[in-house]
Amino acid sequence: QEEKIFAGKVLRLHVCTMEGAEWLEEVPEDTTVEKLKERCLKHCVPGSLEDPKTVTHHKLIHATSEKVLTDTKTVLEENIQDRDVLLLIKKRAPALLPKMADVVAEEKRKQEQKAPDKDAILKATANLPARSVDRTVSHHNMRDFQTELRKILVSLIEVAQKLLALNPDAVELFKKANAMLDEDEEDRVDEIALRQLTEMGFPESRAVKALRLNHMSVTQAMEWLIEHADDPSVDAPLPGQTPAEAPAEGAASSAEAAAGPSSEEGGEEAKDELTEIFKKIRRKREFRPDPRAVIALMEMGFDEKEVVDALRVNNNQQNAACEWLLGDRKPSPEDLDKGIDTNSPLFQAILENPVVQLGLTNPKTLLAFEDMLENPLNSTQWMNDPETGPVMLQISRIFQTLNRT
């Protein structure tokens with residue numbers, strides 16, 4: 001009776017094993033975890049206690065807290081409550097220590113795979129003939145395509161102009177080219193970017209204007225639209241957009257005048273008229289600096305002309321333009337009009353490519369070259385054009401091939 005009075009509280013515990021067996025164990029709360037584990041093993045694995053290691057090779061886990069119970073503590077100390085669930089799990093066998101022979105073999109393998117040090121390299125190459133490598137020339141050969149592309153375009157424009165001028169229908173072709181240029185300037189808008197802005201609730205006309213002002217960047221166009229939402233002139237057409245037909249008409253009239261004479265003198269006049277048309281086309285494709293970058297760089301104290309030159313040299317990239325202004329300012333704006341060496345293997349390989357040859361007889365290719373020359377950000381649009389894209393792809397491939405040799 002005294003034992004019953006002073007005995008601890010009896011807990012009913014639900015025990016499960018990994019094999020799926022489960023049962024109830026009734027134990028006083030002052031029972032140690034080790035004793036409880038012995039009772040569980042006796043219940044689920046009869047005769048297992050004959051091996052003293054059996055108890056130490058198993059562990060009890062509290063299912064709710066996922067805590068491994070300590071053998072020396074009591075059920076009460078482990079804060080186990082009535083009707084708690086315990087898991088009886090066999091411990092994983094500890095990993096065997098590697099044999100000495102295996103350790104030696106592994107170290108030997110690592111040593112064999114180890115990269116040679118400087119002394120080993122010098123010893124292995126002692127009998128090789130010495131060669132002096134001009135690192136400056138080696139570095140120069142790893143030219144940047146974007147830097148060289150401008151020179152290539154300058155020279156290809158000259159070739160395209162000469163080829164198109166030899167065409168008997170040159171004047172008529174460039175009348176169409178002018179019209180194509182006007183239409184291109186008016187209609188070329190990234191449809192996906194425009195749809196994103198209109199879906200945000202912006203009027204289509206404003207969205208088109210914002211995209212043209214911000215080089216088809218949706219983020220910058222959206223910021224511009226928000227900033228100018230209350231601007232009374234927000235819906236005004238872009239400068240030069242309405243009178244854009246004037247140059248085309250002027251070119252057409254001059255082309256008609258040039259098409260009249262059939263004598264040698266008339267031929268000279270036709271060439272002069274074509275030269276004028278080329279100039280007008282280039283004026284339409286004049287470099288347009290990023291207005292945001294201009295303002296940001298001028299706020300640093302730079303002159304506007306210097307800022308425009310810096311952006312032109314660095315393809316409208318503000319950070320690169322800032323470094324150019326703070327550095328040695330090379331290349332200079334004048335260097336941008338210099339073409340590639342026409343006798344170089346690269347230029348000869350480009351001219352010998354059939355796709356490039358065919359493209360140079362297309363006025364649209366010349367317009368693309370002029371546009372990319374003054375506005376490098378438009379290069380992607382011309383790369384995706386079905387007429388000019390293959391030409392640009394061939395130029396890029398030829399450059400990459402020769403640059404690796």
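All values derive from a computational prediction rather than experimental measurement.

Scoring rules and cut-offs
Residues numbered from 1 in each chain as written. Predicted model: local features only at pLDDT ≥ 70, side-chain atom pairs only at ≥ 80, totals over all residues. Heavy atoms only, no water. pLDDT = per-residue confidence, 0-100. Contact = heavy atoms within 4.5 Å. Helix = DSSP H or I, 4+ residues; strand = E, 2+ residues; numbered from the N terminus. Expected span 1.5 Å × (residues − 1). Buried < 20%, exposed > 50% of the residue type's maximum accessible area, 1.4 Å probe, protein only. Polar contact = N/O pair within 3.5 Å; in protein donor to acceptor, adjacent residues only side chain to side chain. Pairing = 2+ DSSP bridges.

**Digging into the confidence of the model for the protein**
Scored by pLDDT, the protein has a mean of 75; 73% of the residues are at 70 or more. Scored below 50 in pLDDT, residues 133–143 makes six contacts in the model with residues more than four places away or belonging to other chains. pLDDT under 50 marks residues 242–266. Its contacts with residues more than four places away, or in other chains, come to 28 contacts.

**Some details on helix α19 (residues 363–374)**
In this model, α19 (twelve residues) spans 17 Å end to end at C-alpha, consistent with the 16 Å of a helix rising 1.5 Å per residue. With twelve of its twelve residues buried, α19 lies for the most part within the structure. Turning to α19, its buried residues number three or more, namely Pro363, Lys364, Thr365, Leu366, Leu367, Ala368, Phe369, Glu370, Asp371, Met372, Leu373 and Glu374. The backbone nitrogen of lysine 364 has a side-chain oxygen 3.0 Å away, supplied by the residue at the start of α19, namely asparagine 362.

**Side note on the sheet that holds strand β2 (residues 22–28)**
Pairing in this open sheet of five strands is mixed, and the strands run β2-β1-β5-β3-β4 from one edge to the other. The open sheet terminates on both sides in strands that have one partner only, identified here as β2 and β4 (67–68). Of the pairings in the sheet, the one linking strand β3 (residues 58–62) to β4 comprises two bridges and is antiparallel in character. If you follow isoleucine 61 over to β4, its bridge partner there is valine 68.

**Things to note about the pairing of strand β1 (residues 10–17)**
Sheet topology note: the β1/β2 ladder contains seven bridges and is antiparallel. Residue pairing in the sheet places valine 15 in a bridge with tryptophan 23 of β2. What sits between β1 and β2 in their antiparallel hairpin is a turn of four residues, with glycine 20 showing a positive phi close to 105°. Direction of pairing for β1 relative to strand β5 (residues 85–90): parallel, over a ladder of four bridges. Paired with histidine 14 across the two strands is valine 85, which belongs to β5.

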